[in-house]
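# Structural features, examined
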Amino acid sequence: MISGILIFNQKGENLIFRAYRTDCRPRLADVFRIQVISNPQVRSPILTLGSTTFSHVKHENIYLVAISKGNANAALVFEFLYRLIQLGKSYFGKFDEEAVKNNFVLDFGYPQNTETDTLKMYITTEGVKTERTMEDSSKITMQATGAISWRRADIKYRKNEAFVDVIEEVNLLMSATGTVLRADVNGQIVMRAYLSGTPECKFGLNDRLLLDGDSAAGPVGNVAGTKATKAAAGSVTLEDCQFHQCVKLGRFESDRVISFIPPDGEFDLMRYRATENVNLPFKVHAIVNEIGKSKVNFSISVRSNFASKLFATNVVIRIPTPLNTAKVTETTTQGRAKYEPEQNNIVWKINRFSGQQEHVLQAEADLTSMTTHKAWSRPPLSLNFSLLMFTASGLLVRYLKVFEKANYSSIRWVRYATRNGSYEIRF
Amino acid sequence: MASGGDAKLFARGKVTELRQELVNAGKKDKNHAAKKITLKKIVANMTMSNNDMITLFPDIVNCMSIQSLEIKKMCFLFLVNYARVKPEIALKALPVLLQDLDDSNPLIRALALRTISYIHVREFVEQTVGPLRRLTKDGDPYVRKTAAITIAKLYDHDRVLLEKTDLIDRLNSMMRDENPTVVSSALAALMDIWERSETIQLTIDYSTASKIVQILPDCSEWGQTYILEALMTYVPQSSSEASLLAERILPRLSHSNSSVVLTCVRVVIYLMNYIADDKLISSLCRKLSPPLVTLLAKGPEIQYLALRNAILVLQRRPDVLRNDVRVFFCKYNDPIYVKVTKLELIFMLASEHNIQKVLTELKEYATEIDVHFVRKAVRAIGKLAIKIESAAEDCIGCLLELVSTKVSYIVQEATVVIRNIFRKYPNRYESIISTLCENLDSLDEPEAKAAMIWIIGQYADRIDNSDVLLDDFLYAFHDEPVEVQLALLTATVKLFIQRPTKGQELVPKVLKWATEETDNPDLRDRGYMYWRLLSTDPAGAKAIVMGDKPVITAESERLDPVTLQEMCLNIGTLATVYLKPVQQVFRSVKPRKLHASPALQKQKIEAEVNTPSMQMPIPAINFKNTNGTSTDTAAAAADAYFQNVATRQLQEMNINGDGFGDSTMASTPGERQYVVNQHNPTQIYQPQVGPGNGDLLEL
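Conventions we followed
Residues numbered from 1 in each chain as written. Chains lettered and ligands numbered in written order. Predicted model: local features only at pLDDT ≥ 70, side-chain atom pairs only at ≥ 80, totals over all residues. Heavy atoms only, no water. pLDDT = per-residue confidence, 0-100. Contact = heavy atoms within 4.5 Å. Phe/Tyr/Trp six-rings, centres within 6.5 Å; stacked < 30°, edge-to-face > 60°. Helix = DSSP H or I, 4+ residues; strand = E, 2+ residues; numbered from the N terminus. Buried < 20%, exposed > 50% of the residue type's maximum accessible area, 1.4 Å probe, protein only. Lys NZ or Arg CZ within 6 Å of the ring centre and 35° of its normal. Axes fitted to C-alpha atoms, helices over the stretch in contact; angles between N-to-C directions. Parallel < 35°, antiparallel > 145°, perpendicular 65-115°, else oblique. Left-handed = near helix turned anticlockwise from the far one by under 90°. Pairing = 2+ DSSP bridges. Expected span 1.5 Å × (residues − 1). Nonpolar A, V, L, I, M, F, W, Y, C, P; charged D, E, K, R; others polar.

### Focus: the confidence of the model for chain B
Residues and elements named next belong to chain B. Looking at chain B, the pLDDT average stands at 79 and 83% of residues meet or exceed 70. Contacts of residues 1-5 to residues separated by more than four positions or lying in other chains number nine contacts, the stretch itself having pLDDT below 50. Taken as a whole, residues 612-682 scores under 50 in pLDDT and shows 102 contacts with residues more than four places along the chain or in a different chain. Interface confidence in the predicted complex, given as ipTM, is 0.76; pTM for the same model is 0.78.

### Focus: the packing of aromatic side chains
All chains considered together, the criterion is met by 24 aromatic pairs over all chains. The interplanar angle of 75° and the centroid separation of 5.8 Å between the aromatic rings of A:Tyr157 and A:Tyr194 together place this pair among those described as edge-to-face. Of this pair, A:Tyr157 sits in the loop between helix 4 (130-145) and strand 8 (161-174) while A:Tyr194 sits in strand 9 (residues 180-194), placing them 37 residues apart in sequence. Centroid distance B:Tyr270 to B:Tyr274: 5.5 Å. Interplanar angle 70°. Geometry classified as edge-to-face. Exposure remark for B:Tyr270: the relative accessible area of 2% places this residue in the buried category. Judged by relative accessible area, B:Tyr274 falls into the buried class, the value being 0%. Grouped by ring-pair contacts, the aromatic residues A:Phe282, A:Phe306, A:Phe353, A:Phe385, A:Phe390 and A:Tyr423 constitute a single cluster. The ring centre of A:Tyr399 lies 4.5 Å from the NZ or CZ of A:Lys401, which sits over that ring. Directly above the ring of B:Tyr332 sits B:Lys339, whose terminal nitrogen or CZ lies 5.2 Å from the centroid.

### A short note on the packing of helix 25 (residues 466-474) of chain B against helix 26 (residues 482-498) of chain B
Residue and element names in this part refer to chain B. Contact geometry of helix 25 with helix 26 gives a least axis separation of 11 Å together with a crossing angle of 155°. As far as their axial angle goes, helix 26 and helix 25 are roughly antiparallel. Between helix 25 and helix 26 lies a crossing whose hand is left-handed. In this structure, helix 25 uses Ser 466, Asp 467, Leu 470, Phe 473 and Leu 474 to contact helix 26, whose residues at the interface are Leu 488, Ala 491, Thr 492 and Leu 495.

### Digging into the sheet that holds strand 9 of chain A
In any sheet, the strands associate via hydrogen bonds between backbone groups, in a parallel or an antiparallel arrangement. All names here are of chain A. Spatial strand order, 11-13-9-8-23-21-16-19-18: nine strands in an open sheet with mixed pairing. Since the sheet does not close on itself, it has two edges, and those belong to strand 11 (240-243) and strand 18 (336-340), each with one partner. Mean inter-strand twist for the sheet, computed between neighbouring axes without regard to direction, equals 15°. Pairing of strand 9 with strand 13 (residues 265-274) involves nine bridges; the strand directions are antiparallel. Across the sheet, the residue bridging to Val 190 is Asp 268, located in strand 13.

### Observations regarding helix 18 (residues 336-349) of chain B
Compared with an ideal rise of 1.5 Å per residue, which puts 14 residues at 20 Å, helix 18 of chain B spans 20 Å between its outermost C-alpha atoms and is within 8% of the ideal. Of all 14 residues making up helix 18 of chain B, 14 are buried, and the element is well covered by its neighbours.

### Notes on the pairing of strand 20 (residues 358-367) of chain A
For a regular strand, side-chain orientation follows a simple rule: the groups alternate between the two sheet faces. Residues and elements named next belong to chain A. With burial as the criterion, only one face of strand 20 is covered, namely that bearing His 359, Leu 361, Ala 363, Ala 365 and Leu 367; the residues Glu 358, Val 360, Gln 362, Glu 364 and Asp 366 on the opposite face remain uncovered. Two elements, strand 15 (residues 295-304) and strand 20, share nine bridges in a ladder whose sense is antiparallel. Of the residues in strand 20, the one forming a bridge with Val 302 is His 359. In terms of strand pairing, strand 17 (residues 325-332) meets strand 20 through seven bridges, oriented antiparallel. Paired with Thr 329 across the strands is Glu 364, a residue of strand 20.

### As for the packing of helix 14 (residues 239-249) of chain B against helix 15 (residues 258-272) of chain B
All names here are of chain B. Two elements in contact, helix 14 and helix 15, have axes separated by 9 Å at closest approach and are oriented at 160°. The pairing of helix 14 with helix 15 is recorded here as roughly antiparallel in orientation. In the crossing of helix 14 with helix 15, the sense of the turn from one axis to the other is left-handed. Residues Ala 242, Leu 245, Ala 246 and Ile 249 of helix 14 form the contact with helix 15, whose own contacting residues are Cys 264, Val 267, Val 268 and Leu 271. Of the residues belonging to the contact of helix 14 with helix 15, the class tally is eight nonpolar, no polar and no charged.

This is the structure we're talking about:
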């Protein structure tokens, strides 16, 4: 398991060194610095030296390194490092060199608990007062080992509210000829729960419950039975979903109900993937002509493919230019375009892009002559955008029910947003 | 603690000042606020390896008895850090710790236990055993959980001492604890002990397995991982046991923690070995696929891991992932290690049905910036021509298009794969030789040169100026690496056999060089062999040298069955990143194998793992009736052997070689590194760039 956790800044200075096993010697910090940080050849997050493995993740301006001996569970190691980053973020707002300052709970290299909320109880900014200690700490230990380790028991709110955000990232890869090579959606449902007591939530989506693919219903659960309900028009097919640890996976598997006792505050309820019938919010048509060796002509048109009452914000289109571009002249029908020499890009920004519209950019790049002519590799052009009240997969939240002993009424809010994932168009 | 102002604590402190601060804090210090700040400074200095701090040890021991969790934590951190260096001072802290083990606050008990067991000093270990026995029965589950892991820690410190006590038995009985977290910690501890022990066997019977699967939903995500790992020690005794368990853990595949998902995949694939029902197997396979793909939405490191494991799963259970190759198409901004692995998967999943899509995609990759990646893409195109016969024509078209870019490394890579295509489909695509000959000058890598020379020799009678071309290469014969020299020797002989008039000047010259002016035994032996052959029996020589070559396949890159089987028992671990036998990367790790049981589907496994395509191609030797003597056959086989010798030699010489562009790559720093220590060289494993990455796209 994990022998030690190290945190370095970009210069290779060791900020935190926590050894969990005796085989994690201080000199390993130097080894990592020499082999990874100051080695420009490194192209992998994993390095094994003898029997010692360094697994690292870079975040902002720090390296988080896990040291392990033997054939450790790599998934666990990386997942833990990600959690460390998340934790850091939720503690300090931003997890970078300055913010690195705290201790996390790890025992003999076995991760124990990484739910932010629970840890906030352990690691408080003021010291624990002696008289409080008795009662409180037994509560803490109960929670740390209990079945619902992510939630405190005594939460109270005057106003019980739950916010659900459905956030989708659309990935697109379109070929130069305009065929869609790949289009899929990575969705995420974030919940902010401000609910008293121990509420049990049930959550329903318009998904088609078609995880099993075709005919063979398989011996697991009664999938075949629930299939009858899928017929409703406007349902979507989710390729796969993953849930926060609070969701009762057994129930989901058997009768497709998403039921859970939420942690307090914000958490990732579920993530899903959809590949069928993806609604692409933008269609891009790019014509790029290389005229001799001294000029490239761009004609890029972007069309929005969503209801006209909606509008996308912060639309940014990045159009790569050849490395030897000297000057670019451009005109647009909407927004502003600018050539950024350091990125080799024309950046075209449209702050507000309404539905059912088309905008065009015309540009001409003058090239300097080069002694060795190497073909331009033509990286794909990419799009950034965010679009509210739209889901590319068509997913909708059908209901969210909250059951609690106290039987209070709660207010539920749902928001939808679609953003770009890697939205790339080749030309 | 969260404030950004803590950064100033990282200033280098002076021991005397810090000691003053600690002592002066004295009575007026409310809530020990001043002491805490000082301690923070000390800990910060300690982390920066300011070893002066060690002189503060006695002062720190004095602070330990202060009843404040925060102060205790910092003092204990200090203690753990320096106890190894100053065991005699550390001993003074022992009474405080032992007292804390009896504290009424469970958090303090657990903290003390955790601290005491971190200290690798004999007295500490000995003194812990007594209280630890009591604490395994503590009323508070948090303390019991800590106690379970402490037992594994003590085992690490002193296994002889521990084996004399009943602690491991106690650990065993903790599996029956009512609290799921305690059970999962006990399991993690047992697995840890098992991994390091020669004597202790860990097997879980069905009822225990069933029980721990039942508490699975009530455990934290990490606890779930430990339980799933422990399930690998359970050996199903019947097919129905295995099926039932597999179905019960399936819901874990929807967990958001990727270690739960991958470990679950590992267990399911393991259990499949014991399941007789084919229908169930294929249903399980179908369920494994989506979660693996979903991991591609995680951070790049997890993506990489998932992809490496996908390569593994795909070889063992081809039904998994056989859906859509497009999910593996690269994004432009993927890190290079992700891209290269995706490329391998694309190659593996390519079939007659999707070849057009795949080729368009590969062609795109072949124009990217990263040289290593581009080469792999080109190589993949060539190998697809060999793998999928109906696509050969398209692949070659694609390669020619790439050759016309005149980018040196693309041309070289293409030359190598085209040579292989010629070997696979003789007398079909030779019309493209002229295109290749236009680019002779850009060849500077040995593998590409050898490939081009092979083509010239093999088709000497169709290339008008073959003698001139060959002579050009021969110009630098003495400076070439042996791989190229061998190719030159064979090609010259071939030229002579096919066009005696053109070759007669070159042959004696080259034979003389090869036999008299070299130190390399392989080159010399081959030279002599040709010499004798040509001088005794020219007709026989022709039959031998120009004889049929063994068939080449694209499947040779697969893992051998034993390794594959072992890797599947290690899904999600570091070894899967390297795709190498675990023992080769981590020498001291216990090997895992499939245990025999009445339910083990031996025959099926054999059949699945040893599919015909997985075996090494056996050279097909054609008996020729014209001069069908047995020596002739042997000679043909020998020739066949020599055809391969260069490549094979390379492979043997550096088993962990990256396969292509060896000479160029090996010269870059950080390529193949060895850290010399006193006893034996420590090998560096670094996927992608370095050796041992299990790259599949090599011939």
